[in-house]
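These are the residues of each chain, in order.
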Amino acid sequence: RLQAAIARSHPSTMASLLDSNGEDAIVGKSVGYWLNAGDLVSTADLDVKSLGLLGFPRDWPTVYTSSKALKSLIGKKGRCAGKKVGVVGEPLPEEADQVKGVSLRHLQSFLNAATVEKKTGFSIVPGWAVFEHLDLAVSEAFVAERY
């Protein structure tokens, strides 16, 4: 959410992918941290270009124990099996202030996290961010994004 808030206020900072040297990425040559199709897993088996509107699970916290679709994604035997699940809230104003002026890049969540960690000392917690397909019925389908 912090990344999205910064992107809205600084749209030009999200325009290009950067390689591990901070240069514009070149297809077939560059190495760096950015998302690819395997970093997004949909219980509706939608590809990256067809994901539609995503957001926080609408029936939280009930959905965590009642949805077969969500369990198939993050349950013990799920496609992105998790040992621990937590909800991350909006950053506090003083936390958001610490990242003002930090350039964040679209589809480069790990590079963004490393950049924020370096500037602020915040810890990186690797894992998956889980969103609901908001254009489908409530609790019908979910997406996990490698984070």
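Here the structure is shown first, and the text comes after it.
The notes below deal with the structure included here. (Residues numbered from 1 in each chain as written. Predicted model: local features only at pLDDT ≥ 70, side-chain atom pairs only at ≥ 80, totals over all residues. Heavy atoms only, no water.)

Comments concerning the pattern of salt bridges
Then comes step 1: By the definition in use, this model includes four salt bridges.
Then comes step 2: One salt bridge in this structure joins Arg 79 and Asp 45, with 3.5 Å as the shortest N-O distance. Of this pair, Arg 79 sits in the loop between helix 3 (68–74) and helix 4 (93–98) while Asp 45 sits in the loop between strand 1 (40–42) and strand 2 (54–55); the two residues are 34 residues apart in sequence, bridging distant segments of the chain.
Then comes step 3: A relative accessible area of 49% places Arg 79 in the partly exposed class.
Then comes step 4: Between Asp 97 and Lys 100 there is a salt bridge whose closest N-O contact spans 3.3 Å.
Then comes step 5: For Asp 97, a relative accessible area of 44% gives the class partly exposed. (Salt bridge = Lys/Arg side-chain N within 4 Å of Asp/Glu carboxyl O. Helix = DSSP H or I, 4+ residues; strand = E, 2+ residues; numbered from the N terminus. Buried < 20%, exposed > 50% of the residue type's maximum accessible area, 1.4 Å probe, protein only.)

Considering the sheet that holds strand 4 (residues 142–146)
Then comes step 1: With respect to topology, four strands assemble into an open sheet ordered 1-4-3-2, the strand pairing being antiparallel. Each of the sheet's edge strands pairs with one partner strand only, and the pair in question is strand 1 and strand 2.
Then comes step 2: Judged from the two bridges that link them, strand 2 and strand 3 (residues 128–133) form a sheet pairing that is antiparallel. Of the residues in strand 3, the one forming a bridge with Leu 54 is His 133. (Pairing = 2+ DSSP bridges.)

A few points about the environment of Ala 144
Then comes step 1: For Ala 144, the location among the structural elements is in strand 4.
Then comes step 2: Considered as a pair, Ala 144 and Cys 80 are 64 residues apart in the sequence and their alpha carbons are 7.5 Å apart.
Then comes step 3: Those residues in contact with Ala 144, other than ones at most four positions away along the chain, are Asp 39, Leu 40, Val 41, Leu 73, Cys 80, Trp 128, Ala 129 and Val 130. (Contact = heavy atoms within 4.5 Å.)

Some points on the nonpolar core
Then comes step 1: Of all hydrophobic cores here, the largest spans nine residues; its members are Val 41, Val 63, Ala 69, Leu 70, Leu 73, Ile 74, Cys 80, Phe 142 and Ala 144.
Then comes step 2: Contributions of two or more residues to this core are made by helix 3 and strand 4.
Then comes step 3: It is helix 3 that provides the largest number of residues to this core, a total of four residues.
Then comes step 4: Setting aside chain neighbours within four positions, we find Leu 73 in contact with Val 41, Thr 43, Gly 78, Arg 79, Cys 80, Ala 81, Val 130, Phe 142, Val 143 and Ala 144. (Core = buried A, V, L, I, M, F, W, Y, C linked by side-chain atoms within 4.5 Å.)

Honestly, it's all geometry; don't read function into it.
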